[in-house]
Amino acid sequence: MVTDSKKRKIAVANIKDRIIHRLIYEHLVPIFDKTFIFDVWSCRKNKGLTMAIERTQKLFRGQKNFYCWRADIEKFFDNIDHKLLIKLLFRKVTGSRTRRLLKMIINSYTSNKGGQGIPIGNLTSQIFANIYLNELDRFVKNNLKIKYYLRYGDDFIVLDSDLENLQNLRYTISNFCQKGLIIKIKRNDTLLKYQEGWNFWEQKYILRGKISRKKI
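First things first, this report covers the structure right here in the doc.

About the thresholds
- Throughout this document, residue positions are counted from 1 along each chain, in the order its sequence is written.
- Given that this is a predicted model, residues contribute local features only at a pLDDT of at least 70 and side-chain atom pairs are listed and counted only at 80 or more, while totals for whole chains, interfaces and linings are drawn from all residues.
- To get the side-chain values, take all heavy atoms of the structure and skip hydrogens and water.
- Each helix is a run of H or I in the DSSP string that is no shorter than four residues. Each strand is a run of E no shorter than two, and both are numbered from the N terminus.
- To estimate the expected span of a helix, subtract one from its residue number and multiply by 1.5 Å.
- The buried label goes to any residue with under 20% of its type's maximum accessible area, the exposed label to any with over 50%, and the partly exposed label to all in between, with areas taken from a 1.4 Å probe on protein chains only.
- This arc corresponds to the set of directions leading from the helix axis out to the C-beta atoms.
- By definition, residues are in contact when any of their heavy atoms lie within 4.5 Å.
- Polar contacts, as counted here, are pairs of nitrogen or oxygen atoms within 3.5 Å of one another; within protein the pair requires one atom able to donate a hydrogen and one able to accept it, and residues that are adjacent in sequence qualify only if both atoms are side-chain atoms.
- Only four residue types enter the charge count: Lys and Arg as positive, Asp and Glu as negative, with His and the chain ends excluded.
- We define a salt bridge as a side-chain nitrogen of Lys or Arg found within 4 Å of a carboxyl oxygen belonging to Asp or Glu.
- Residues enter patches when their relative accessible area tops 30% and they take part in no salt bridge; the joining distance is 9 Å for like charges and 5 Å for the nonpolar side chains Val, Leu, Ile, Met, Phe, Trp and Tyr.
- Using a 1.4 Å probe, the Shrake-Rupley method yields the accessible areas, and only the shown protein chains count as cover for residues.

Remarks on helix 1 (residues 15–32)
And step 1. An ideal rise of 1.5 Å per residue puts 26 Å on 18 residues; helix 1 measures up with 25 Å between its terminal C-alpha atoms.
And step 2. Along helix 1, the residues classified as buried are His21, Ile24, Tyr25, Leu28 and Phe32. One side of helix 1 carries all its buried residues, which in axial view fall inside an arc of 115 degrees. Exposed side chains of helix 1 directed beyond 90 degrees from the buried face belong to Ile15, Lys16, Ile19, Leu23 and Pro30.
And step 3. Looking at the buried side of helix 1, the elements it contacts are helix 4 (82–90), helix 5 (96–107) and helix 6 (123–143).
And step 4. Where helix 1 starts, the residue carrying a side-chain oxygen 3.3 Å from the main-chain nitrogen of Lys16 turns out to be Asn14.

Digging into helix 5
And step 1. Between its first and last C-alpha atoms helix 5 spans 16 Å; for 12 residues at 1.5 Å apiece the expected length is 16 Å, and the two agree.
And step 2. All buried positions along helix 5 are accounted for by Thr98, Leu102, Ile105 and Ile106. All buried residues of helix 5 lie within an arc of 95 degrees about the axis, which places them on one face of the element. Across from the buried face of helix 5, at angles greater than 90 degrees, the exposed residues are Ser96, Arg97 and Met104.

Comments concerning the side chain of Asp81
And step 1. Among the secondary structure elements, Asp81 is positioned in the loop between helix 3 (76–79) and helix 4.
And step 2. In this structure Asp81 is buried but unpaired, with Lys83 as the nearest side chain of opposite charge at 7.2 Å.
And step 3. Engagement of the side chain of Asp81 in a polar contact is seen with the backbone nitrogen of Lys83, the distance being 3.3 Å.
And step 4. Side-chain polar atoms of Asp81 contact the backbone nitrogen of Leu84, separated by 2.9 Å.
And step 5. The residues touching Asp81, leaving out its near neighbours within four places in the chain, are Gly115, Gln116, Tyr132 and Ile182.

Observations regarding a nonpolar patch on the surface
And step 1. A cluster of nonpolar residues, Ile19, Ile20, Leu23, Leu101 and Met104, forms a patch on the protein surface that exposes about 470 Å² of accessible area.
And step 2. At the level of secondary structure, the elements contributing two or more residues to the nonpolar patch comprise helix 1 and helix 5.
And step 3. Broken down by element, the residue count for the nonpolar patch peaks at three residues, all from helix 1.
And step 4. Tracing the sequence through the fold places Leu23 in helix 1.
And step 5. For Leu23, a relative accessible area of 56% puts it in the exposed group.

This is the structure in C-alpha coordinates:
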(Lines give C-alpha, C1' and ligand atoms only; values in the text may rest on other atoms or scores of the structure.)
Protein backbone atom coordinates (compact mmCIF):
# COMPACT_ATOMS: atom_id res chain seq x y z
CA MET A 1 0.00 0.00 0.00
CA VAL A 2 1.29 3.48 -0.89
CA THR A 3 -0.10 6.87 0.01
CA ASP A 4 0.78 9.89 -2.10
CA SER A 5 -2.30 11.84 -3.13
CA LYS A 6 -4.44 8.86 -2.12
CA LYS A 7 -4.11 5.34 -0.72
CA ARG A 8 -3.41 2.77 -3.44
CA LYS A 9 -2.49 -0.91 -3.64
CA ILE A 10 0.56 -1.54 -5.83
CA ALA A 11 1.13 -5.08 -7.10
CA VAL A 12 4.36 -5.85 -8.97
CA ALA A 13 5.43 -9.01 -10.80
CA ASN A 14 8.57 -10.86 -9.68
CA ILE A 15 11.93 -10.33 -11.38
CA LYS A 16 11.65 -13.22 -13.87
CA ASP A 17 8.15 -12.24 -14.91
CA ARG A 18 9.17 -8.61 -15.31
CA ILE A 19 11.54 -9.66 -18.11
CA ILE A 20 8.60 -11.18 -19.96
CA HIS A 21 6.50 -8.09 -19.24
CA ARG A 22 9.22 -5.93 -20.80
CA LEU A 23 9.32 -8.10 -23.93
CA ILE A 24 5.53 -8.01 -24.24
CA TYR A 25 5.51 -4.25 -23.70
CA GLU A 26 8.15 -3.69 -26.40
CA HIS A 27 6.13 -5.90 -28.74
CA LEU A 28 2.84 -4.08 -28.14
CA VAL A 29 4.00 -0.45 -28.26
CA PRO A 30 4.83 -0.31 -32.01
CA ILE A 31 1.58 -2.14 -32.83
CA PHE A 32 -0.77 0.04 -30.78
CA ASP A 33 0.92 3.40 -30.26
CA LYS A 34 0.26 4.47 -33.85
CA THR A 35 -3.47 3.87 -33.28
CA PHE A 36 -3.58 6.34 -30.35
CA ILE A 37 -4.72 9.92 -30.87
CA PHE A 38 -2.17 12.72 -30.53
CA ASP A 39 -3.55 14.06 -27.25
CA VAL A 40 -2.84 10.99 -25.13
CA TRP A 41 0.13 11.98 -22.99
CA SER A 42 0.72 9.19 -20.44
CA CYS A 43 3.24 6.37 -20.80
CA ARG A 44 4.31 7.30 -24.32
CA LYS A 45 7.69 8.14 -25.79
CA ASN A 46 8.47 11.88 -25.93
CA LYS A 47 5.38 12.72 -23.88
CA GLY A 48 4.58 12.85 -20.14
CA LEU A 49 2.89 15.00 -17.50
CA THR A 50 4.92 18.19 -18.03
CA MET A 51 4.28 18.14 -21.77
CA ALA A 52 0.60 17.36 -21.12
CA ILE A 53 0.34 20.50 -18.98
CA GLU A 54 2.09 22.56 -21.66
CA ARG A 55 -0.38 21.18 -24.21
CA THR A 56 -3.24 22.06 -21.85
CA GLN A 57 -1.92 25.62 -21.71
CA LYS A 58 -1.89 25.73 -25.50
CA LEU A 59 -5.50 24.50 -25.69
CA PHE A 60 -6.61 27.10 -23.15
CA ARG A 61 -4.68 29.95 -24.71
CA GLY A 62 -6.97 32.51 -26.27
CA GLN A 63 -10.16 30.62 -25.35
CA LYS A 64 -11.56 33.33 -23.07
CA ASN A 65 -15.14 32.09 -23.16
CA PHE A 66 -14.49 28.35 -22.95
CA TYR A 67 -15.72 25.93 -20.32
CA CYS A 68 -13.68 22.96 -19.15
CA TRP A 69 -15.00 19.57 -18.07
CA ARG A 70 -12.39 17.69 -16.05
CA ALA A 71 -13.03 14.05 -15.18
CA ASP A 72 -11.37 10.77 -14.37
CA ILE A 73 -12.38 7.12 -14.02
CA GLU A 74 -13.52 5.63 -10.73
CA LYS A 75 -10.95 3.02 -9.59
CA PHE A 76 -9.86 2.60 -13.20
CA PHE A 77 -7.25 -0.15 -12.87
CA ASP A 78 -9.47 -2.18 -10.54
CA ASN A 79 -12.38 -2.06 -12.99
CA ILE A 80 -10.72 -2.91 -16.30
CA ASP A 81 -12.68 -5.86 -17.68
CA HIS A 82 -10.44 -8.82 -18.60
CA LYS A 83 -12.60 -10.13 -21.45
CA LEU A 84 -12.91 -6.72 -23.08
CA LEU A 85 -9.19 -5.98 -22.70
CA ILE A 86 -8.28 -9.33 -24.27
CA LYS A 87 -10.72 -8.69 -27.12
CA LEU A 88 -9.13 -5.30 -27.80
CA LEU A 89 -5.62 -6.78 -27.75
CA PHE A 90 -6.54 -9.66 -30.04
CA ARG A 91 -7.76 -7.25 -32.73
CA LYS A 92 -4.11 -6.51 -33.49
CA VAL A 93 -2.17 -9.38 -31.90
CA THR A 94 -2.46 -12.58 -33.94
CA GLY A 95 0.43 -14.77 -32.76
CA SER A 96 -0.84 -17.73 -30.71
CA ARG A 97 2.04 -17.73 -28.22
CA THR A 98 1.79 -13.97 -27.66
CA ARG A 99 -1.96 -14.27 -27.18
CA ARG A 100 -1.46 -17.03 -24.63
CA LEU A 101 1.06 -14.92 -22.69
CA LEU A 102 -1.27 -11.92 -22.74
CA LYS A 103 -4.12 -13.98 -21.32
CA MET A 104 -1.83 -15.39 -18.62
CA ILE A 105 -0.66 -11.92 -17.59
CA ILE A 106 -4.15 -10.42 -17.54
CA ASN A 107 -5.79 -13.35 -15.73
CA SER A 108 -2.99 -13.63 -13.16
CA TYR A 109 -4.49 -10.73 -11.19
CA THR A 110 -7.97 -9.67 -10.18
CA SER A 111 -9.29 -6.90 -7.96
CA ASN A 112 -12.15 -7.59 -5.57
CA LYS A 113 -14.39 -8.39 -8.53
CA GLY A 114 -13.81 -11.58 -10.50
CA GLY A 115 -12.65 -11.04 -14.07
CA GLN A 116 -11.72 -7.41 -13.50
CA GLY A 117 -8.63 -5.44 -12.59
CA ILE A 118 -4.99 -5.14 -13.60
CA PRO A 119 -2.13 -4.26 -11.21
CA ILE A 120 -0.91 -0.68 -11.17
CA GLY A 121 2.73 -1.70 -10.73
CA ASN A 122 3.27 -3.80 -13.86
CA LEU A 123 4.86 -2.31 -16.97
CA THR A 124 2.31 -4.04 -19.20
CA SER A 125 -0.50 -2.33 -17.29
CA GLN A 126 0.61 1.02 -18.73
CA ILE A 127 0.11 -0.04 -22.34
CA PHE A 128 -3.01 -2.03 -21.41
CA ALA A 129 -4.54 1.14 -19.91
CA ASN A 130 -3.91 3.17 -23.06
CA ILE A 131 -5.27 0.40 -25.28
CA TYR A 132 -8.42 0.18 -23.15
CA LEU A 133 -9.04 3.92 -23.08
CA ASN A 134 -8.18 4.28 -26.76
CA GLU A 135 -11.80 3.24 -27.29
CA LEU A 136 -12.90 6.31 -25.33
CA ASP A 137 -10.42 8.58 -27.16
CA ARG A 138 -11.61 7.48 -30.58
CA PHE A 139 -15.26 7.75 -29.59
CA VAL A 140 -14.64 11.33 -28.45
CA LYS A 141 -12.65 12.36 -31.54
CA ASN A 142 -14.24 10.28 -34.31
CA ASN A 143 -17.86 9.93 -33.22
CA LEU A 144 -18.45 13.10 -31.23
CA LYS A 145 -15.99 15.20 -33.27
CA ILE A 146 -14.72 17.00 -30.16
CA LYS A 147 -11.87 19.33 -31.08
CA TYR A 148 -10.50 20.13 -27.62
CA TYR A 149 -9.85 16.91 -25.71
CA LEU A 150 -6.77 15.70 -23.83
CA ARG A 151 -6.10 12.63 -21.70
CA TYR A 152 -3.34 11.76 -19.24
CA GLY A 153 -3.78 8.29 -17.69
CA ASP A 154 -7.43 8.07 -16.72
CA ASP A 155 -7.70 11.86 -16.25
CA PHE A 156 -9.09 13.85 -19.16
CA ILE A 157 -10.42 17.28 -20.08
CA VAL A 158 -12.93 18.46 -22.67
CA LEU A 159 -13.25 22.14 -23.67
CA ASP A 160 -16.24 23.79 -25.30
CA SER A 161 -17.51 27.36 -25.68
CA ASP A 162 -21.12 26.21 -25.16
CA LEU A 163 -21.89 25.17 -21.58
CA GLU A 164 -25.10 23.35 -22.50
CA ASN A 165 -23.32 21.38 -25.23
CA LEU A 166 -20.54 20.48 -22.80
CA GLN A 167 -23.11 19.22 -20.29
CA ASN A 168 -24.64 17.05 -23.02
CA LEU A 169 -21.19 15.72 -23.93
CA ARG A 170 -20.62 14.98 -20.26
CA TYR A 171 -23.72 12.77 -20.24
CA THR A 172 -22.91 11.07 -23.58
CA ILE A 173 -19.30 10.26 -22.66
CA SER A 174 -20.25 9.03 -19.18
CA ASN A 175 -22.89 6.77 -20.75
CA PHE A 176 -20.38 5.40 -23.28
CA CYS A 177 -17.87 4.60 -20.52
CA GLN A 178 -20.44 2.75 -18.46
CA LYS A 179 -22.03 0.76 -21.27
CA GLY A 180 -19.15 0.37 -23.70
CA LEU A 181 -16.15 0.02 -21.39
CA ILE A 182 -17.77 -1.13 -18.09
CA ILE A 183 -16.19 1.76 -16.18
CA LYS A 184 -17.64 4.84 -14.50
CA ILE A 185 -16.73 8.51 -14.39
CA LYS A 186 -16.02 9.67 -10.83
CA ARG A 187 -18.77 11.71 -9.23
CA ASN A 188 -16.33 14.52 -8.39
CA ASP A 189 -15.92 15.48 -12.05
CA THR A 190 -15.86 19.24 -12.51
CA LEU A 191 -17.11 21.95 -14.85
CA LEU A 192 -15.04 25.13 -14.80
CA LYS A 193 -15.19 28.45 -16.61
CA TYR A 194 -11.78 29.24 -18.06
CA GLN A 195 -10.15 32.38 -16.68
CA GLU A 196 -7.27 34.16 -18.35
CA GLY A 197 -4.17 34.12 -16.22
CA TRP A 198 -4.32 30.52 -15.04
CA ASN A 199 -0.71 29.60 -14.46
CA PHE A 200 1.20 26.40 -15.17
CA TRP A 201 0.60 24.83 -11.75
CA GLU A 202 -3.10 25.65 -11.67
CA GLN A 203 -3.46 23.84 -14.99
CA LYS A 204 -1.58 20.87 -13.53
CA TYR A 205 -4.15 20.79 -10.73
CA ILE A 206 -6.97 20.92 -13.25
CA LEU A 207 -5.45 18.08 -15.28
CA ARG A 208 -4.87 15.87 -12.24
CA GLY A 209 -8.06 16.75 -10.37
CA LYS A 210 -6.83 19.12 -7.64
CA ILE A 211 -9.15 21.95 -8.62
CA SER A 212 -8.12 25.40 -7.45
CA ARG A 213 -10.81 27.38 -9.28
CA LYS A 214 -14.51 27.81 -8.60
CA LYS A 215 -16.71 25.06 -9.98
CA ILE A 216 -19.83 25.71 -12.03
